Amino acid sequence: AYKGIPRNMWILASSMFINRCGSMVLLFMSVYLTKHKHFTIPQAGIVMAMFGIGSLVGAFIGGKLVDKIGYYPIMIWSLFLSGVMLLVLGQMQSYYFIAFFTFMVTATGDAFRPANSASISFYSNKESYPQSIALNRLAMNLGFTIGPILGGILASINYTFLFWADGITCILAAFFIYVVLPNPSRKNADAEISATSKEDENKENNAMPAERGVLSPYKDKIYLLFLVFTTLYATAFFQFFTSLPLYYKNVYHLQEKYIGWLMAFNGIGVAVIEMFLIYHIQNRWTQFKFISLGIVLLMIAFFMLIPWFGISILILSMLFITFSEMLAMPFMSTYAIKKAPQQSMGQYMALYSMSWSIAQIVAPLVGTSVIDNFGYNALWLVLAGIAAIA
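Quick look at the structure, then. (Residues numbered from 1 in each chain as written. Predicted model: local features only at pLDDT ≥ 70, side-chain atom pairs only at ≥ 80, totals over all residues. Heavy atoms only, no water.)

1. Let's talk about the overall build of the protein chain
Counting secondary structure elements, the protein chain contains 16 helices and zero strands. Radius of gyration (C-alpha) of the protein chain: 20 Å, near the 21 Å computed for a compact globule of 390 residues. With the principal axes as the frame, the protein chain shows a C-alpha extent of 60 × 40 × 35 Å. Residues counted as buried form 58% of the 390 residues belonging to the protein chain. Summarising the internal contacts of the protein chain: among those between residues at least 6 apart in sequence, 85% fall at separations of at least 24. Carbon and sulfur atoms form 68% of the exposed surface of the protein chain, whose accessible area is close to 16300 Å². Positive and negative side-chain charges in the protein chain, numbering 23 and 16 respectively, have mean positions lying 2 Å apart. (Helix = DSSP H or I, 4+ residues; strand = E, 2+ residues; numbered from the N terminus. Rg over C-alpha atoms; globule rule 2.2 N^0.38 Å. Buried < 20%, exposed > 50% of the residue type's maximum accessible area, 1.4 Å probe, protein only. Contact = heavy atoms within 4.5 Å. Areas by Shrake-Rupley, 256 points an atom, 1.4 Å probe, with all protein chains shown as cover. Lys, Arg positive; Asp, Glu negative; His and termini not counted. Charge placed at Lys NZ, Arg CZ, Asp CG, Glu CD.)

2. What about helix α10 (residues 221-237)?
A rise of 1.5 Å per residue sets the reference length of α10, with its 17 residues, at 24 Å; its end C-alpha atoms lie 24 Å apart and thus fit the reference within 8%. Looking only at α10, the buried set comprises Tyr-223, Phe-226, Leu-227, Thr-230, Thr-231, Tyr-233, Ala-234, Thr-235, Ala-236 and Phe-237. In this structure, the buried residues of α10 make contact with α13 (287-303), α14 (311-339), α15 (345-374) and α16 (376-389). (Expected span 1.5 Å × (residues − 1).)

3. Notes on the pattern of salt bridges
Scanning the model with the defined rule gives three salt bridges in all. Asp-220 is the partner of Lys-339 in a salt bridge, and the nearest nitrogen-oxygen pair spans 2.9 Å. Here the residue Lys-339 occupies a position in helix α14, and Asp-220 occupies one in the loop between α9 (186-205) and α10, the gap between them amounting to 119 residues. Residue class for Lys-339 comes out partly exposed when judged on its relative accessible area of 28%. What makes Asp-220 buried here is its relative accessible area of 7%. Between Lys-249 and Glu-256 there is a salt bridge, with its nearest N and O atoms 3.3 Å apart. Considered together, Lys-249 and Glu-256 belong to a single accessibility category, that of buried residues. (Salt bridge = Lys/Arg side-chain N within 4 Å of Asp/Glu carboxyl O.)

4. So, the nonpolar core
Among the nonpolar cores identified, the biggest contains 126 residues, and Met-29, Tyr-223 and Tyr-248 are the most heavily contacted of them. The element contributing the most residues to this core is α14, with twelve residues. Once you skip the residues sitting within four places of it in the chain, Met-29 turns out to touch Val-47, Met-48, Phe-51, Leu-89, Ile-98, Thr-102 and Phe-163. (Core = buried A, V, L, I, M, F, W, Y, C linked by side-chain atoms within 4.5 Å.)

In structure tokens:
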């Protein structure tokens, strides 16, 4: 499953692992805001939506900058500035300052996403895209396994420690990339683009007329339609970070450390299984059939929370969410990267990132609003409906 992945992809994945080991603020933010800052659930939803608004801005600007100055400096500065913003956010007490610096965390940090996607296309080849993406996600989820567990322990001591741990790991990841990952010169990058352009040109000669010459993602109707359904899936999936922690805390009355372990179960599952799963199934079915199956599993994960109650149900639901993620997300990323021409890779990847950012705005607003007015069971039905459309 790991055969043929270039060395620089392993370095890139290692930096992702370092960064994700500190991924804990977003996971516990809704609980932090309601239980420790005593904000209302709708107020918490607005602050959580600021993560998405910042992500939208960061991804858009990041995509533009990637096409202008390259992915390498964007990755470094994005991680560094996001780390600084996290350290500042942890010191804020006012609702409005917390909302503003929540926005700043992802406005700086999510410029990393299109840069990272573009770097995968540079450091790997089209044949190894699914494996390279899966390796990147493996690193993310190994870190994501450590992050919630460590975050739950730190939150039970003092929530301020979450912001320090998350911020410092972002800064460490930036330094790791700067020191270890080779910096491609603009000349080499342009040469790579030129070589890839010739390859793409040969393929375009055999393409259908409607597919030729589409260099702007804003004119690529199929790609834009794909992004609409990606956003719907992401809106349902992002309840993992917003509504589910509240559900665990308010309905099951779980302590933070147990919430951390339960959410780490997702990271462990993806880290252990996904790489081998993708390797064995990637050529057995179409990308969109795998994505659709993943969405169906997410619907089941929400449905089972309605009639049944118990820790075993929470674990089983998390298992379905985990398999949903493993089937849907890698093939979504693979499609987005393969669809993008090299000359406008940054803009294509920015729009892909922005579709997730939009979902990150909508998800907490929808989730907290439905919970506040109708309860959790109504939310699970709404989310299953959104996923069914996708």
